[in-house]
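# Commentary on secondary and tertiary structure
For reference, the chains in residue letters:
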Amino acid sequence: MEQARQQSTRPVQSLSQYLGWLSVGIGALELLAPTWVSRRAGFARDNNRAVQLSGLREVATGIAILRNPNSPNPIWARVAGDAISLSILANGFSERGADKAMLSTASLLVSGITAVDVGCAVGLYDGWGAERRGPHRIRESITINKSPEDLFRFWRSLNNLPSIMEYLQSVDVRDDRRSHWVAKPIRGVVLEWESEVTAEEPNRLIAWRSLPESQIQTEGSVRFEPLSGDRGTMVTVDMQFDVPSRFGRLFRPLASRLTEAATRRDLRRFKQLMETGEITTTAGQSSGRRTGETWLDRAAH
Amino acid sequence: MKAVCWYGKEDIRVERVPDPRIINPRDAIVRITSTAICGSDLHLYGGFVPGMQKGDILGHEFMGEVVEVGATVHNLVVGDRVVVPFPISCGNCFFCHKDLYSLCENSNANTALADTVWGHSTGGIFGYSRLTGGYAGGQAEYARVPFADVGPIKIPEGLSDDKVLFLSDIFPTGYMAAEACAIEPGDTVAIWGCGPVGLFAIASAFMFGAERVIAIDKYAERLKLAEKLGAETLNYDHIDIQETLKERTAGRGPDRCIDAVGMEAHGHGLTNIYDRTKQALMLETDRPIALREAMFSCRGGGTISVPGVYGGFSDKLPFGSVMNRSITIKTGQTHVQHYMKPLLDRIQKGEIDPSFIITHQMNLEDAPKGYKMFREKEEGCIKVVLKP
């Protein structure tokens, strides 16, 4: 399957190579004949320095692309450069004596190239480093001032988990092994899956896996290890998950980072509940605001 | 209820806000009878602490009467008169068990922010930005007190608010600073800053057996109080601190140094201009002028104790001097819960009356005036107590 994926991205790779040479070409032109470029684009004044700087950037990204035509990153750098060029062109319209027709043509041309750049970057993303990325793995751990027995007992009653996991709506325990999970990771998105316990060592470990027909593929484990002295128990969650759609894959770095942060928060809440008997919060407290919670409260958790 | 709310740099207002309510089973609601403006509130007032939002209720020094308790609070009943410590602590975690209450692992609801800014988060503090949990503070008519079965201390009949209010922060803070110095008989202790914490540090240093205390400030009223407590005083507006400390300690330097100033220090000369410029350009969050002086001045093998509040990053600290001269640095937000009972005992025995620092009593409505007055040190202002 990996091979098939790589083959399917081969035309995109040649497109990226083409974009690399285009970058170098345009860059060279801007570096060597800035006045000509400036006038052809329709600017009223010659801004040679800006054009030459842009040329330098073009050459640099061009070389970066040609050195590694499989990577989407330098293509994303091109997209960023396109955005800068477009804003410079937009500025040109307000100059007195600007050739608006020429500026419009130039803007249209750059917009077109931007679209090609974005398409190429997205296309490359699918194939690039797929084998390295694999399904996403998360590992988070925390120290809790309780015995492994107490912690294991709480976790093994899977329907306790929604009280500590912020995105989890419900867990319905079907039998000793199987359970049905419902999560709402973002507004308007409901994920449901069937999970089964694949391994269990009393007071030490619980491992689970989603069943093959599930909406998301996930497997993981939680381990409870006693620590020396009176330090309590180290709780470690290992998880991997895969989001199936192409869209999902594009946003996977973001999704995995969010999941990682959410797992960290969930473990914090687990600790709070087990150690203090309640979950720490400021939600619902008084303030001189009509809406209590601010963006920073949501971001800071 | 009425509450003192933060709206931006030098913009605080007394607003009508909803009354607090019990949110968790270990909460209590306290009707506040006295609350004070702390020097560290001035860092918020000046806009030096990140993580504030418009409408946040300020204040972490307060006391009052319990009016409601959560389902699992068994040590308090409605009507109890309590002083509330400024750190919020669960009493169950690793750090609380070690009596390091201000490092409580469970009381900060906004750990991600502190994890980023400080590497690890600390416990929660009332009314002190989202770095320390984003809790509503106690400069108000009522406050929600989380983990009320751990923090608040009951006050026996017959002790006035003014005598016990400062158990919430500044008395334990000055005391812990002096304790951390590990003062030995015959020691000379130099204390930068004669604000409320500095003054309590002076009193406490003598309790721990200091031979001499040299107190540094520039405000005449504060220096006068320091003298009353038995300290020699230096006005940094008129003399070179380093030279003078050397002279007064026969060339060796003070055995123990306390920086009761913190991140908004004032000074003279090039370093002052350097810090002010960097802070204005947001290249440095703190101006560690007092700390630098303490590092240079302290005798070899001595101790520097830092109760003064720092927020983020400090530049040009002479760490070479600290390392090569075997200096110990002790610091931390005060673990108030650990000190409340023994210090209440001292007050009851008449060993100290903490109300000596109060210069102004005001209505809660006058808080904006109180902040400005305290910041500008108008009318000899040393400590403002607000009565809701």
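Since the structure is predicted, the reported quantities are computational estimates derived from the model, not experimental observations. (Residues numbered from 1 in each chain as written. Chains lettered and ligands numbered in written order. Predicted model: local features only at pLDDT ≥ 70, side-chain atom pairs only at ≥ 80, totals over all residues. Heavy atoms only, no water.)

### Structural notes on the overall build of chain B
The helix and strand tally for chain B stands at 13 helices and 18 strands. For chain B, whose C-alpha radius of gyration is 20 Å, the value lies close to the compact-globule estimate of 21 Å for 388 residues. Taken across its 388 residues, chain B has 59% of its residues classed as buried. Long-range contacts, defined as pairs at least 24 residues apart, comprise 71% of the intrachain contacts of chain B with a sequence gap of at least 6. Looking at charge distribution, chain B has the averaged site of its 40 positive side-chain charges lying 1 Å from that of its 48 negative ones. (Helix = DSSP H or I, 4+ residues; strand = E, 2+ residues; numbered from the N terminus. Rg over C-alpha atoms; globule rule 2.2 N^0.38 Å. Buried < 20%, exposed > 50% of the residue type's maximum accessible area, 1.4 Å probe, protein only. Contact = heavy atoms within 4.5 Å. Lys, Arg positive; Asp, Glu negative; His and termini not counted. Charge placed at Lys NZ, Arg CZ, Asp CG, Glu CD.)

### Re helix H5 (residues 73-92) of chain A
Residue and element names in this part refer to chain A. If you check H5, its first and last C-alpha atoms are 29 Å apart, about what 20 residues at 1.5 Å a residue would give, namely 28 Å. When we look at burial in H5, the residues that qualify are Pro74, Ile75, Arg78, Val79, Gly81, Asp82, Ser85, Leu89 and Gly92. One side of H5 carries all its buried residues, which in axial view fall inside an arc of 165 degrees. (Expected span 1.5 Å × (residues − 1). Arc of directions from axis to C-beta.)

### Considering the confidence of the model for chain B
Of all residues in chain B, 100% have pLDDT values of 70 or greater, and the mean over the chain is 95. The complex model carries a pTM of 0.81, and its ipTM stands at 0.92. (pLDDT = per-residue confidence, 0-100.)

### Re empty space enclosed by the protein
Tallied over the full model, the rule gives four cavities of 30 Å³ or more. Its boundaries defined by the atoms lining it, the largest cavity holds a volume of some 80 Å³. Taken together, 13 residues form the lining of the largest cavity, with Gln285 of chain A together with Ala136, Gly137, Ala143 and Arg144 of chain B sitting closest to its centre. The dominant element in the lining of the largest cavity, judged by the number of residues it contributes, is strand E9 (residues 142-145) of chain B, at three residues. For the lining of the largest cavity, the residue count by class is nine nonpolar, three polar and one charged. (1 Å grid on protein atoms, 1.4 Å probe; cavity = no way out; pocket = protein on both sides within 12 Å on 5 of 7 lines; lining within 4 Å. Points joined across faces, edges and corners; volume = space filled by probe spheres on them. Nonpolar A, V, L, I, M, F, W, Y, C, P; charged D, E, K, R; others polar.)

### Overview of the pattern of salt bridges
Counted according to the given criterion, the structure contains 43 salt bridges over all chains. The residue Arg223 of chain A makes a salt bridge to Glu225 of chain A at a minimum N-O spacing of 3.5 Å. Glu225 of chain A sits in the partly exposed class, given a relative accessible area of 25%. Between Asp217 of chain B and Arg222 of chain B there is a salt bridge, with its nearest N and O atoms 3.0 Å apart. Of the residues examined, Asp217 of chain B reaches a relative accessible area of 4% and is grouped as buried. For Arg222 of chain B, a relative accessible area of 9% gives the class buried. Taken together, the salt bridges that share partners define one network made up of Arg57, Glu58, Arg78, Asp82 and Asp117 of chain A. (Salt bridge = Lys/Arg side-chain N within 4 Å of Asp/Glu carboxyl O.)

### Considerations on the interface of chain B and chain A
Between chain B and chain A, the contact holds 43 residues from the first and 26 residues from the second. When chain B packs against chain A, close to 2700 Å² is buried across both sides, 45% of that on carbon and sulfur atoms. Salt-bridge contacts for Glu105 of chain B lead to Lys271 of chain A; the nearest nitrogen and oxygen are separated by 2.8 Å. Applying the counting criterion to the chain B and chain A interface returns 21 residue pairs in polar contact (both at pLDDT 80 or more). Sorting the residues of the side of chain B that touches chain A by element identifies strand E1 (2-8), strand E4 (56-57), helix H2 (94-97) and helix H3 (111-118) of chain B as the ones contributing at least two each. If you tally residues by element for the side of chain B that touches chain A, the top one is H3 of chain B, at four residues. (Buried area = accessible area lost by both parts, 1.4 Å probe. Polar contact = N/O pair within 3.5 Å; in protein donor to acceptor, adjacent residues only side chain to side chain.)

### With respect to the packing of aromatic side chains
All names here are of chain B. Under the definition given, this model contains 13 aromatic pairs over all chains. Arranged with centres 5.0 Å apart and planes meeting at 45 degrees, the rings of Tyr175 and Phe208 form a pair that is tilted. A residue pair is termed long-range when its members are at least 10 positions apart, and Tyr175 in helix H5 (residues 170-180) and Phe208 in the loop between helix H6 (196-207) and strand E12 (212-217) qualify at 33 residues. Classification of Tyr175 as buried rests on a relative accessible area of 10%. (Phe/Tyr/Trp six-rings, centres within 6.5 Å; stacked < 30°, edge-to-face > 60°.)

### Description of the side chain of Glu58 of chain A
Counting through the fold element by element, Glu58 of chain A comes out in helix H4 (residues 48-67). If near-sequence neighbours (up to four positions away) are discounted, Glu58 of chain A is found in contact with Ser23, Val24, Ile26, Gly27, Glu30 and Arg78 of chain A.

### Some words on the environment of Leu364 of chain B
All names here are of chain B. Along the chain, Leu364 falls in the loop between strand E17 (360-363) and helix H13 (367-376). Residue classification places Leu364 among the buried positions, given a relative accessible area of 1%. In this structure, the C-alpha to C-alpha distance between Leu364 and Pro388, residues 24 residues apart in sequence, is 4.8 Å. Ignoring sequence-local partners within four residues, the contact set of Leu364 consists of Lys2, Val4, Val14, Thr35, Gln139, Ala140, Glu141, Leu386, Lys387 and Pro388.

### Concerning a nonpolar patch on the surface
Residue and element names in this part refer to chain A. On the surface, Leu15, Tyr18 and Val116 cluster together into a nonpolar patch covering about 260 Å² of accessible area. Tracing the backbone shows Leu15 in helix H2 (residues 10-32). Residue Leu15 is classed as partly exposed on the basis of its relative accessible area, which comes to 31%. (Patch = residues over 30% accessible without salt bridge, like charges linked within 9 Å, V, L, I, M, F, W, Y side chains within 5 Å. Areas by Shrake-Rupley, 256 points an atom, 1.4 Å probe, with all protein chains shown as cover.)

### As for the pairing of strand E11 (residues 188-192) of chain B
Residues and elements named next belong to chain B. Of all five residues in E11, five are buried; the element is thus mostly enclosed. Side chains Thr188, Ala190 and Trp192 of E11 all project onto a buried face; the interleaved residues Val189 and Ile191 project onto the opposite face, where all are buried too. Between the parallel pair E11 and E12, the chain is carried across by H6, and the sense of this crossover is right-handed. Relative to strand E14 (residues 256-259), E11 is paired through four bridges, and the arrangement is parallel. Looking at the pairing, Ile191 lines up with Ile258 of E14. (Right-handed = clockwise from strand over helix to strand, strands pointing away. Pairing = 2+ DSSP bridges.)

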